[in-house]
Amino acid sequence: MTTQTLSRAQARRIALAAQGFLDPPHAVPTLRTFDRTLARTGVLQVDSVNVLQRAHFMPLYSRMGSYDVDLLARAAAGRQRRVVEYWAHVQAFMPVELWPAMRHRMDAHRAKRGKWSFVAEDDELEAALIAEIGDRGASTARELDDDLPRDKVHWGWNWSRTRRMLDYLFTVGDLAIAGRNSQFEIRYDLPERVLPASALNAPALSEADAHIELVRRAARSHGVASAHCLADYYRIRIGEARVAVDALVHAGELEPVEVEGWRRPAYLHHDARLPRRVGARALLSPFDPVVWERDRAEALFDFFYRIEIYVPADQRVHGYYVLPFLLGDRIVGRVDLKADRPRSRLLVQSAWSEPGAPADTAAELAAELRRLAGWLGLDDLVVAPKGDLAPSLAGELSAQG
């Protein structure tokens, strides 16, 4: 049987369609829009950096357009909650129905109890925290550290140790994340008060079945991918991912294909769409699934991308918080953005074009930046004179008024 060969452009369009970039932005996105978008991305990575907007809000914006961020709060609350935080990619919102597929991870972490380098084994501390949360309800580490009676000589508690134990209890499934407060601190609670009974009481998947389910979902979200791409999506070891890939190929859910320029074998999901064109215009968070696996971004888009948050300022090439600009089915530029909330300004601290960017890149980027500023509730746009795209971008913004 002849293996199907895809051009790089076809693979890009398949990947973007799988991620939800065929849908036009909705005038008023609803929870139904949210559900459809989450079904494409699978997870929403959580990150504390708030220089522009929290990471988990941005992929929804990139696909749905301007939306009320309360949609995510509603999806992550109540007895019918749709999403919950767990270590799905890294820390991420995931659909609640994935809880049984994560139970083997919880069990594996529990088996390491006493061997964790960042938290000491302490039965008394574990029991005290669970009991206190059971009595008082969802709580942050700081609230528990402030309010729980404790014998500092015996336990040696401090905020850091409390937080480390809470994170351990969350990782093994003895606690769950009920939400976060306005300071972005985690509010821990008992799982039965966070998760719907249908998810909490569902039988745990075996490790092998969990890997198959996670690779299946990764393949659906990617459209076309190498085994390494599929392993990275839910952070599975490559050997485990390959076993799951073989099972899904055998079941007819994945088809081996070749992609132009890819050194590794690739796999096409049986429901993947290959549109004739993709008319996307979106700024992508550094933590967007389209670009979070940097080797995949380079293979698909010929786009070399590294986040420079932790690089000293004088050594950064493009900037602190740089977002790729997706236009059509190509990444045509990148911008370093900051929300200056006290002055209600969106700061474009640098703007760069990619090789071969079309002539209308600056005009399209200007329109997208105005839309982003409106969503963020910022009144003005200010472009710094840094980057080859900055002059024309500033000119377009001035011309557009």
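Our subject in this report is the structure included herewith. (Residues numbered from 1 in each chain as written. Predicted model: local features only at pLDDT ≥ 70, side-chain atom pairs only at ≥ 80, totals over all residues. Heavy atoms only, no water.)

1. Considerations on the sheet that holds strand β3 (residues 83–87)
Judged by pairing direction, the sheet is antiparallel, and its 3 strands sit side by side in the order β2-β4-β3 without closing on themselves. The open sheet has two edge strands, β2 (44–45) and β3, and neither has a second partner. Bridge analysis of β2 against strand β4 (residues 91–95) gives 2 bridges, and the strand direction is antiparallel. Note on β4: the bridge partner recorded for Leu-44 is Phe-93. (Pairing = 2+ DSSP bridges. Helix = DSSP H or I, 4+ residues; strand = E, 2+ residues; numbered from the N terminus.)

2. Here's the deal with helix α15 (residues 361–376)
For α15, with 16 residues, the first-to-last C-alpha span of 22 Å sits near the 22 Å given by 1.5 Å per residue. All buried positions along α15 are accounted for by Thr-361, Ala-362, Leu-365, Ala-366, Glu-368, Leu-369, Leu-372, Ala-373, Trp-375 and Leu-376. (Expected span 1.5 Å × (residues − 1). Buried < 20%, exposed > 50% of the residue type's maximum accessible area, 1.4 Å probe, protein only.)

3. Overview of the packing of aromatic side chains
Tallied over the entire structure, the rule returns 7 aromatic pairs. Considering the side-chain rings of Tyr-86 and Phe-170, the 5.4 Å spacing of their centres and the 70° angle between planes classify their relative orientation as edge-to-face. With Tyr-86 in strand β3 and Phe-170 in helix α9 (residues 159–171), this residue pair connects regions lying 84 residues apart in the sequence. When its relative accessible area of 0% is taken as the criterion, Tyr-86 is described as buried. A network of ring pairs unites the aromatic residues Tyr-61, Tyr-67 and Trp-375 as a single cluster. The ring of Phe-184 is capped by Arg-54, whose NZ or CZ atom sits 4.0 Å from the centre of that ring. (Phe/Tyr/Trp six-rings, centres within 6.5 Å; stacked < 30°, edge-to-face > 60°. Lys NZ or Arg CZ within 6 Å of the ring centre and 35° of its normal.)

Spatial relationships are all this shows, so hold off on functional conclusions.
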